[in-house]
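Residue-level structural notes
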Amino acid sequence: MTILTDEDRNLLQHVCNSLTPPNPLTPISETYTALQELINRSPIPTNPAYDSLEVVLKAAYNQAASGKGKERHAGNGLTFTDQPMQTISKLLNTSDGLAFQAIKKVTEAKGMQTFEQKERELLGAINYIAGIIIFEEGES
């Protein structure tokens, strides 16, 4: 899942080359400018027609990074890729458990009474599906 363009990679390579090993021929201002360009560049173009999708995906990210996922896993210093959902998948050499969890979350959401309950479960399903993508990318 590469989100850097060739131009981004070239810019990043320029920054890396100017920093490691230290290159006395590259002025620090040029390095700073190249870094700022890379930092300020949006890796994914925005499209107002998809703002509602962006809101949902950010909510799923927020749930994992700041909500339930953080409470259960990040508190012990685990990154998303080091959490049990990934390590167990690696141990079993399959993403089937992640798929099961995503399907289970969707099924459970169907029986929830309030929108907030449904949303919580569906955001969790999105995060399990993201986990599948991350696992499969690591296996390829």
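Residues numbered from 1 in each chain as written. Predicted model: local features only at pLDDT ≥ 70, side-chain atom pairs only at ≥ 80, totals over all residues. Heavy atoms only, no water.

What follows concerns the overall build of the protein chain. A count of helical and extended segments in the protein chain gives seven helices and zero strands. Sequence-ordered secondary structure for the protein chain, helices as α and strands as β, is α-α-α-α-α-α-α. Counting only residues that meet the buried cut, the protein chain has 21% of its 140 residues in that class. Partitioning the contacts of the protein chain with sequence separation of at least 6, the portion at a separation of at least 24 is 56%. Working note: accessible area of the protein chain is about 10,000 Å², and carbon and sulfur atoms make up 61% of it. (Helix = DSSP H or I, 4+ residues; strand = E, 2+ residues; numbered from the N terminus. Buried < 20%, exposed > 50% of the residue type's maximum accessible area, 1.4 Å probe, protein only. Contact = heavy atoms within 4.5 Å. Areas by Shrake-Rupley, 256 points an atom, 1.4 Å probe, with all protein chains shown as cover.)

Residues with a pLDDT of 70 or more make up 69% of the protein chain, whose mean pLDDT is 81. The least confident element of the protein chain is helix α2 (residues 28-40), whose mean pLDDT is 63; the most confident is helix α6 (residues 96-110), at 96. (pLDDT = per-residue confidence, 0-100.)

Attention shifts here to the packing of α6 against helix α7 (residues 115-139). Close contact between α6 and α7 brings their axes to 8 Å; oriented N to C, the two are set at 165°. Of the possible angle classes, the one that applies to α6 and α7 is roughly antiparallel. Remark: the crossing between α6 and α7 carries left-handed chirality. For the pair α6 and α7, contact is made by Leu98, Ala99, Gln101, Ala102, Lys105, Val106, Glu108 and Ala109 and by Lys118, Glu121, Leu122, Gly124, Ala125, Tyr128, Ile129, Gly131, Ile132 and Phe135, respectively. Grouping the constituent residues of the contact of α6 with α7 by class yields eleven nonpolar, three polar and four charged. (Axes fitted to C-alpha atoms, helices over the stretch in contact; angles between N-to-C directions. Parallel < 35°, antiparallel > 145°, perpendicular 65-115°, else oblique. Left-handed = near helix turned anticlockwise from the far one by under 90°. Nonpolar A, V, L, I, M, F, W, Y, C, P; charged D, E, K, R; others polar.)

The next thing to look at is a nonpolar patch on the surface. Judged by side-chain polarity, Tyr50, Leu53 and Leu57 come together as a nonpolar surface patch covering roughly 310 Å² of accessible area. Summarising the element assignment, leucine 53 is placed in helix α3 (residues 51-66). Taking relative accessible area as the criterion, leucine 53 reaches 45% and is therefore assigned partly exposed. (Patch = residues over 30% accessible without salt bridge, like charges linked within 9 Å, V, L, I, M, F, W, Y side chains within 5 Å. Salt bridge = Lys/Arg side-chain N within 4 Å of Asp/Glu carboxyl O.)

Its identity is not glycine, yet asparagine 93 carries a phi of approximately 60°, on the positive side. Within the secondary structure, asparagine 93 sits in the loop between α5 (84-92) and α6.

Right, let's get into the pattern of salt bridges. Here the idea is simple: oppositely charged side chains can pair when their charged atoms come close. Scanning all chains against the criterion turns up four salt bridges. A salt bridge links glutamate 54 to lysine 58; the nearest nitrogen and oxygen atoms lie 2.9 Å apart. Placement of the pair is glutamate 54 and lysine 58 together in helix α3, with a separation of four residues, close to one helical turn. Linking glutamate 121 and lysine 105 is a salt bridge whose minimum nitrogen-to-oxygen distance equals 3.4 Å. Remark: lysine 105 occurs in helix α6 and glutamate 121 occurs in helix α7; sequence separation between them is 16 residues. Judged on exposure class, the residue glutamate 121 and its partner lysine 105 are both buried. If you follow the salt bridges from partner to partner, you end up with Lys105, Arg120 and Glu121 in one network.

It is worth spelling out α6 at this point. Here α6 contains 15 residues, and its C-alpha end-to-end distance of 21 Å stays within 8% of the 21 Å for a straight helix at 1.5 Å per residue. Among the residues of α6, those classed as buried are Leu98, Ala102, Lys105 and Ala109. What you see down the axis of α6 is that its buried residues fit within an arc of 60°, all on one side. For α6, the exposed residues lying more than 90 degrees away from the buried face are Asp96, Phe100, Ile103, Thr107 and Lys110. (Expected span 1.5 Å × (residues − 1). Arc of directions from axis to C-beta.)

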